[in-house]
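Below, each chain spelled out in residue letters.
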Amino acid sequence: MHVLFVAPHFPSYQRHFVRAMHSVGAKVTGIGEASLAQIDGELKSWLHGYEQVPSVVDEQAMLDAVRRVQRREWVDRLEVTIEAHILPLAKVREATKIPGLSVNAAILCRDKPMMKEHLRQHDIPCAQSAGVSSVDEAVAFVRAVGYPIIVKPRAGAGASGTSRCDNDEQLVAALREAGVNKGQSVAVEEFIEGHEGFYDTMSIDGVPVLEFVSHYYPNVLEAMRHRWISPYIVSTNRLDASGYDEVKAMGRKVITTMGLETTATHMEWFYGPRGLKFSEIGARPPGVGQWDVYAAGNDIDIYREWANAVVHGRIEHKPSRRFASGIIALRPDRDGRILGYEGVLEVQQKYGQYITKAHLPAPGTPTQPIEAGYMANAWIQMRHPDYDAMREIFEIIGRTVRVRAG
């Protein structure tokens, strides 16, 4: 099989998709913004060919690159794994008649108001939502739904650009920040009370062959608002427990209803006083290094399993579920540069056997804003045979480790 893979060079984890496809026997041609000279020897050794473009979200440039390859040889798949690349490459895929995620499915995955409206029509419980292009439209939505509400980009990823509004003043400020006064359209949603988690899959022909459920502590919006919080994510190894049946059933129905076929998926959900509610889905792997977390907890090369699904329509190994696994973000106490750490040695001595990866930027490293996400500054990935013990360890680490900056 000959696969075109977009952006093999950056971010750094993208190389693992290329490695994996090469390892299962695929020919991989990369398309990216880097020059061939910028690609290291190891990555080059996994590539069958390479096309440079000015921008991987420039549809015409990508279309021209794909057609150049097609004139040379047959292309079986065009694969992308980054949220911002999904829709433009679906359009290129359609124009070049390469199988994969359709334009309609890509639009539904990217446009949150359209996504929720589509799923409500198929009896999947969602927050009330709308797309708005003016303050008046947003106020009309609030008068019908009530505060609090969430304002977010129509096609954003994660909590980026997301605000909670509890009154008209906050609403107007959030809309202005989102550019509504400059012609932008945004999504507004009712605020759903409850615990937040996500359901990730690798699906083949619309049927999940790999499934994972993870939990946020605390919910993402709260985690991104407060510097003093050391938020963490834990992937459960109790996926066969009956309590997850409803999450899995809803997730599988969403995948079918959205017309998603052979692709990785990432679906956010809430569970609270009003039961289980769908939040959003992307036709891509999760962020924040979560696939590495799954690999560590389940004794699999998850990139290779993705490659097997894409290239051969099957997987080789199922998750072992031996460990709960997760990541904790460690925030600097202020913006500036890293000065040093407190409590790291204590954590290493007590819990070093459970640590799978860690990133502790050296003193002098500039800090990143907390809004940049869980892996923006220092972080630790871990695994433990017991989910509750894993949570307790993360709570202790969050109270123990301090990242000093100045």
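Residues numbered from 1 in each chain as written. Predicted model: local features only at pLDDT ≥ 70, side-chain atom pairs only at ≥ 80, totals over all residues. Heavy atoms only, no water.

Points about the nonpolar core
Okay, so step 1: Core analysis: the biggest nonpolar cluster contains 47 residues, and V254, M258, L260, F278 and I281 have the highest contact counts within it.
Okay, so step 2: Only β1 (2-6), α3 (59-72), α4 (86-96), α5 (103-110), α6 (112-120), α10 (245-257), β12 (263-272) and β13 (275-282) provide two or more residues apiece to this core.
Okay, so step 3: Ranked by residue count, the leading element in this core is α3, at six residues.
Okay, so step 4: Those residues in contact with M258, other than ones at most four positions away along the chain, are A105, L108, C109, M115, H118, L119 and I281. (Core = buried A, V, L, I, M, F, W, Y, C linked by side-chain atoms within 4.5 Å. Buried < 20%, exposed > 50% of the residue type's maximum accessible area, 1.4 Å probe, protein only. Helix = DSSP H or I, 4+ residues; strand = E, 2+ residues; numbered from the N terminus. Contact = heavy atoms within 4.5 Å.)

Remarks on the pattern of salt bridges
Okay, so step 1: A complete count under the given rule lists 30 salt bridges for this structure.
Okay, so step 2: Salt-bridge contacts for R252 lead to E211; the nearest nitrogen and oxygen are separated by 2.8 Å. Separated by 41 residues along the polypeptide, R252 in helix α10 and E211 in strand β10 (residues 207-217) bring together distant segments of the chain. (Salt bridge = Lys/Arg side-chain N within 4 Å of Asp/Glu carboxyl O.)

Considerations on the packing of helix α7 (residues 135-145) against helix α8 (residues 168-177)
Okay, so step 1: Remark: α7 packs on α8, axes separated minimally by 11 Å, with the N-to-C direction vectors making an angle of 140°. As summarised for this structure, α7 and α8 are arranged oblique, according to the angle between their axes. Handedness of the crossing formed by α7 with α8: right-handed. In this structure, α7 contributes V135, A138, V139, V142 and R143 to the contact, and α8 contributes D168, L171, V172 and L175. (Axes fitted to C-alpha atoms, helices over the stretch in contact; angles between N-to-C directions. Parallel < 35°, antiparallel > 145°, perpendicular 65-115°, else oblique. Left-handed = near helix turned anticlockwise from the far one by under 90°.)

Details of the pairing of β12
Okay, so step 1: Among the ten residues of β12, nine are classified as buried, and the element is accordingly described as predominantly covered.
Okay, so step 2: Note: strand β9 (residues 195-204) against β12, nine bridges, orientation antiparallel. From the neighbouring strand, G197 faces β12, where its bridge partner is W269.
Okay, so step 3: Strand direction decides the pairing type here: β12 and β13, joined by seven bridges, are antiparallel. The partner of E268 across the bridge, within β13, is E280.
Okay, so step 4: Here β12 hands over to β13 after two residues, the two strands then running antiparallel side by side. (Pairing = 2+ DSSP bridges.)

Regarding α7
Okay, so step 1: Those residues of α7 lying buried are A138, F141 and V142. Projected down its long axis, α7 carries its buried residues within an arc of 100°, all on one side. Counted as exposed and oriented over 90 degrees from the buried face of α7: D136, R143 and A144.
Okay, so step 2: On its buried face, α7 sits against β5 (129-132), β6 (149-153), α8 and β8 (186-190).
Okay, so step 3: G146, located one to two residues past α7, shows a positive phi value of around 95°. (Arc of directions from axis to C-beta.)

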